[in-house]
Amino acid sequence: MTPTLAIDALRVGFDSDGGTIAAVREVSLNVEPAECVGLVGESGSGKTQLCMAAMGLLPRGAQVSGSVRFEGREILAASPRDLNRIRGSKLTMIFQDPMTSLTPHLKIGVQLAEVLVIHAQMSWRDAERAALEALERVRVPEPARRLRQYPHELSGGMRQRVMIGMSLLCDPALLIADEPTTALDVTVQAQIIDVLRTMRAESRMAIVLVSHDLGVVAGLADRILVMYAGRVVESASAALLLRHAEHPYTAALLKCVPSLLGPRLERMASIPGSPPAAAGIEVGCAFAPRCPRAQPRCQTERPLLRKASGPPHQVACHYPLSA
Amino acid sequence: MSGAVRRWRANPAAVAALAVIAALIGLALVGPLFNPNDIRALDWANVATSPSSTGAHWFGTDRLGRDLFARTLEGTRVSLTVGLVASLISLTIGISYGAVAGYLGGRADQLMMRFIEVLSGLPLVFFVIFLTVLFGRSPYFLFLAIGAVGWLTMARIVRGQTLSIRRREFIEAAVASGAGPVRIVVKHIVPNLLGPVIVYATLTVPQIILFESFLSFLGLGIQEPHASLGTLIAEGAGEVEAAPWILWVPGTLLALLLLCLNLVGDGLRDALDVKER
């Protein structure tokens with residue numbers, strides 16, 4: 001079966017005064033139909049640029065190589081016309097900040113219906129009816145009234161629900177959710193994750209869920225990829241990764257998740273140091289300067305992603321934790 | 001929007017100015033019905049009589065014995081029409097040009113903006129004289145000529161706003177949901193420009209009225225027997241020692257009109273420009 005999304009050796013770079021900035025250094029990733037893949041990493045690890053490449057939304061100045069295939073079709077070489085046809089229908093995306101992702105002067109109903117008018121050639125009347133159903137599906141209270149409201153009249157969580165509802169209108173094969181809960185407070189986060197989980201069960205679409213919060217990803221993803229400095233450093237099924245992290249970076253990330261049950265800490269755990277600058281040439285392992293297990297070899301030789309203990313477990317480290 | 005209405009109401013000068021403009025427009029439209037004197041009639045018995053409330057001519061007559069009240073009303077009507085129509089033309093060209101340049105960005109934007117700079121480098125009066133010589137002196141053409149040179153600033157404003165709006169997330173979200181460039185410009189960008197555009201447009205109307213009066217004063221604008229406030233002022237300027245009211249009546253009216261339009265524009269700017277409700 002063709003994977004829904006197949007990314008192969010993708011590199012994304014930007015020219016800047018200080019040389020080329022490598023946002024994504026070389027990432028390969030397959031998303032199977034109905035699979036939910038979590039993408040975890042710090043700010044600047046290349047998560048968002050990866051999503052943008054998958055949507056064909058990279059800015060004009062970007063230098064891209066490798067390939068991104070959506071249901072077998074190459075996205076990187078697609079014409080804007082073809083892209084517009086799949087984007088919003090088969091391939092959809094929700095953004096980090098629901099407060100700014102809706103056009104402020106258009107009513108919710110118009111914005112939802114517009115998607116169907118573009119993609120499904122529906123009449124406005126039918127589209128409005130479908131928009132109402134979409135709001136019901138994502139559990140928006142009083143959907144009929146919401147359709148007539150403007151974005152600023154809705155709360156953040158409500159707007160993110162609207163965005164999710166909008167992205168599901170045309171029954172997509174893949175939903176890319178770029179930090180869908182980051183801008184929301186914790187209780188609303190849980191509700192949104194819940195909505196995503198229900199939607200997934202109902203529609204069998206694949207999801208790429210991007211977050212810097214392992215907790216958010218853990219609750220939803222089948223498989224988790226950990227990114228660091230533009231590369232995937234570990235990839236495993238969610239359960240395996242959370243229990244047996246192999247990469248020291250993943251282990252450090254897991255330690256940063258505060259626990260209600262564990263001992264009370266004076267300070268929140270954090271990873272010392274900061275991620276490397278995205279410009280410049282990489283020598284050795286990008287995480288080495290912050291890694292407690294680093295050896296001289298880590299400074300000079302870059303570890304490749306290779307198979308680790310369990311069956312679908314890959315790690316890019318010379319000295320994984322189980323070794 | 002209700003906030004804007006409230007801020008507008010809190011500005012008494014702007015509210016009063018709008019009332020005066022409405023009154024002037026009303027007068028220009030229905031005034032002739034109450035005036036017993038025909039606009040073209042020459043009253044040889046009363047040549048250059050001064051204004052009086054009891055006489056046959058309320059605002060007096062000019063050198064040829066034409067009723068100044070009727071002439072001034074016609075002038076107001078013509079001036080307002082020129083102002084509105086030419087503003088609409090410059091608005092249409094300016095918004096489309098500016099939005100396209102701002103949305104395309106890059107080289108297309110650079111090219112389109114350089115073209116605007118070349119145009120704005122041309123002496124305006126010379127340009128209009130040139131067009132008038134080329135296409136004749138029809139009043140309709142005057143609309144076009146003034147409108148066609150008045151859009152430059154509007155295009156610049158719209159382009160600047162578009163540049164900042166097109167970087168906002170909701171535009172990216174619209175692109176991500178498959179909206180094409182035309183739809184994005186027309187539905188998602190242009191309506192967001194309305195605030196600054198409305199403000200600038202209200203300030204364009206008096207500018208254009210003034211410019212038309214200026215051209216008419218020079219004899220390039222509206223031609224006899226039609227009158228605009230500019231031609232009336234030009235006529236009055238020649239008689240200012242013998243019959244000053246021929247200058248004063250249209251002059252005062254023009255000044256009042258321009259003042260009020262500017263006050264309304266300023267009021268709108270204060271009411272609408274407070275960004276991000």
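Quick notes on the rules
Residue positions are given per chain, counting from 1 as you read along its sequence in written order. Chains carry letters and ligands carry numbers; both start at the beginning, A for chains and 1 for ligands, and go up in the order they are written. Since the coordinates come from a predicted model, pLDDT governs what is reported: local features require at least 70, and pairs of side-chain atoms require 80 or more to be given and counted, while whole-chain, interface and lining totals use all residues. A run of H or I in DSSP counts as a helix once it spans at least four residues, and a run of E counts as a strand once it spans at least two, with each numbered from the N terminus. Taken over C-alpha atoms, the radius of gyration is set against a globule rule of 2.2 Å times the number of residues to the power 0.38. Around each residue's C-beta, the other C-beta atoms within 10 Å are counted; 20 or more make the residue buried, 12 or fewer make it exposed, and counts in between make it partly exposed. All C-beta atoms are placed from the backbone. Contact between residues is assigned whenever the C-beta positions, reconstructed from backbone atoms, fall within 7 Å. At least two bridges found by DSSP between two strands are what make those strands a pair. Any residue outside Ala, Val, Leu, Ile, Met, Phe, Trp, Tyr, Cys, Pro, Asp, Glu, Lys and Arg is labelled polar, Gly included; the first ten of those are nonpolar and the last four are charged. Helix axes use the C-alpha atoms of the stretch in contact, all axes being lines fitted to C-alpha atoms, and the angles between their N-to-C directions lie in the range 0 to 180 degrees. What sets the label is the angle itself: under 35 degrees gives roughly parallel, over 145 gives roughly antiparallel, 65 to 115 gives roughly perpendicular, and the rest give oblique. Note: crossing handedness is left-handed where the near helix turns anticlockwise from the far helix by less than a right angle, and right-handed where it turns clockwise. As used here, the arc is the angular range of directions from the helix axis to the C-beta atoms. As used throughout, a nonpolar core is a set of buried Ala, Val, Leu, Ile, Met, Phe, Trp, Tyr and Cys residues joined through C-beta atoms within 7 Å of each other. For every residue, the predictor assigns a confidence score, pLDDT, that lies between 0 and 100.

Next up on the list: the overall build of chain A. Counting its secondary structure elements, chain A contains eleven helices and twelve strands. The C-alpha radius of gyration computed for chain A amounts to 21 Å, which stays within 12% of the reference 20 Å derived for 323 residues, consistent with globular compactness. Taken along the three principal axes of its C-alpha coordinates, chain A extends 65 × 50 × 40 Å. Buried positions account for 45% of the 323 residues belonging to chain A. Contacts in chain A between residues far apart in sequence, at least 24 positions, make up 65% of those at least 6 positions apart.

A few words now on the overall build of chain B. Counting secondary structure elements, chain B contains eleven helices and zero strands. Shown N-terminal to C-terminal, the secondary structure of chain B runs as helices and strands in the order α-α-α-α-α-α-α-α-α-α-α. Here chain B, with 277 residues, has 41% of them falling under the buried criterion. Nonlocal contacts in chain B, meaning residues at least 24 apart in sequence, comprise 68% of its contacts between residues at least 6 apart.

Turning to the pairing of strand β4 (residues 63-70) of chain A, a few remarks are in order. Consecutive side chains along a regular strand alternate between the two faces of the sheet. Residue and element names in this part refer to chain A. Examined bridge by bridge, strand β1 (residues 5-16) and β4 share seven bridges and lie antiparallel to one another. Bridge pairing links Gly13 to Gln63 in β4. Where β4 and strand β5 (residues 73-74) come together, two bridges link them in antiparallel fashion. Of the residues in β5, the one forming a bridge with Phe70 is Arg73.

Turning to the interface of chain B and chain A, a few remarks are in order. Every contact between the two is made by 15 residues of chain B and, on the other side, 20 residues of chain A. A total of seven residues in the side of chain B that touches chain A trace back to one element, the largest contributor, which is helix α7 (residues 169-176) of chain B. Classifying every residue of the side of chain B that touches chain A gives seven nonpolar, five polar and three charged.

Moving on: the packing of helix α3 (residues 108-119) of chain A against helix α6 (residues 156-168) of chain A. Residues and elements named next belong to chain A. Packing of α3 against α6 leaves a shortest axis separation of 9 Å and a crossing angle of 20°. Overall, the two elements α3 and α6 adopt an arrangement that is roughly parallel. The element α3 and its partner α6 pack so that their crossing is right-handed. Across from Ile108, Gln111, Leu112 and Val115 in α3, the residues of α6 making contact are Val162, Gly165 and Met166. For the contact of α3 with α6, the class distribution of residues is five nonpolar, two polar and no charged.

The next subject is helix α8 (residues 181-189) of chain B. Residues and elements named next belong to chain B. Every buried residue belonging to α8 is among Val185, His188 and Ile189, and all of these are buried. An end-on view of α8 places all buried positions within 115° of arc, on one side of the element. Projecting away from the buried face of α8 at angles above 90 degrees are the exposed residues Val182 and Val186.

For the rest of this paragraph, the subject is the nonpolar core. The biggest cluster of nonpolar side chains holds 102 residues, and the ones touching the most others in it are Ala54(A), Leu174(A), Val208(A) and Leu209(A). In contact with Val208(A), not counting residues within four places along its chain, are Leu5(A), Val31(A), Val37(A), Leu39(A), Cys51(A), Leu174(A), Ile176(A) and Ala177(A). Membership of the second largest hydrophobic core comes to 61 residues, among which are Leu142(B), Ala227(B), Trp245(B) and Ile246(B).

Further remarks concern unusual backbone geometry. Residues and elements named next belong to chain A. Phi at Glu71 is positive, roughly 50°, even though this residue is not glycine. Note that Glu71 resides in the loop between β4 and β5. Residue class for Glu71 comes out partly exposed when judged on the 16 C-beta atoms lying within 10 Å of it. Positive phi, normally seen in glycine, also occurs at Asp171, with a value near 60°.

So, on to the packing of helix α3 (residues 68-104) of chain B against α8(B). The relative placement of two packed helices is expressed as an angle between their axes plus a distance between the axes. All names here are of chain B. Contact geometry of α3 with α8 gives a least axis separation of 11 Å together with a crossing angle of 120°. In terms of orientation, α3 and α8 fall into the oblique class. For the pair α3 and α8, the crossing hand works out as right-handed. Between α3 and α8, the residues in contact are Ala99, Val100 and Tyr103 and Pro181, Val185 and Ile189, respectively. For the contact of α3 with α8, the class distribution of residues is six nonpolar, no polar and no charged.

Considering the arrangement of structural elements, one finds Ala179(B) in the loop between α7 and α8. With residues up to four places along the chain from it excluded, the contact list for Ala179(B) reads Ile118(A), Ala174(B) and Ile184(B).

A word on the pairing of strand β8 (residues 206-211) of chain A. Residues and elements named next belong to chain A. Burial runs high along β8: six of the six residues are buried. Where burial is concerned, the two faces of β8 agree: the one with Ala206, Val208 and Val210 and the one with Ile207, Leu209 and Ser211 are both buried. Note that strand β3 (residues 36-40) and β8 share five bridges and pair parallel. Across the sheet, the residue bridging to Cys36 is Ile207, located in β8. Pairing between strand β7 (residues 174-178) and β8: five bridges, direction parallel.

Tracing the sequence through the fold places Leu174(A) in strand β7. With residues up to four places along the chain from it excluded, the contact list for Leu174(A) reads Thr4(A), Leu5(A), Val31(A), Phe70(A), Leu91(A), Met205(A), Ala206(A) and Val208(A).

Bringing the confidence of the model for chain B into the picture now. A low pLDDT means the predicted coordinates there should not be read in detail. Residue and element names in this part refer to chain B. When pLDDT is averaged along chain B, the result is 80, and 88% of the positions lie at 70 or above. Looking over chain B, one finds the lowest element-wise mean pLDDT in helix α1 (residues 2-9), namely 74, and the highest in helix α4 (residues 106-121), namely 89. As scored by the predictor, the complex reaches a pTM of 0.74 and an ipTM of 0.72.

Turning to its location among the elements, Ser177(B) is positioned in the loop between α7 and α8. On the neighbour-count criterion, Ser177(B) (26 C-beta atoms within 10 Å) is buried. Once the C-alpha coordinates of Ser177(B) and Leu259(B) are considered, the two residues, 82 residues apart in sequence, prove to be 47 Å apart. When near neighbours in sequence (up to four residues on either side) are disregarded, Ser177(B) contacts Arg87(A), Gly88(A), Thr92(A), Val115(A) and Met166(A).

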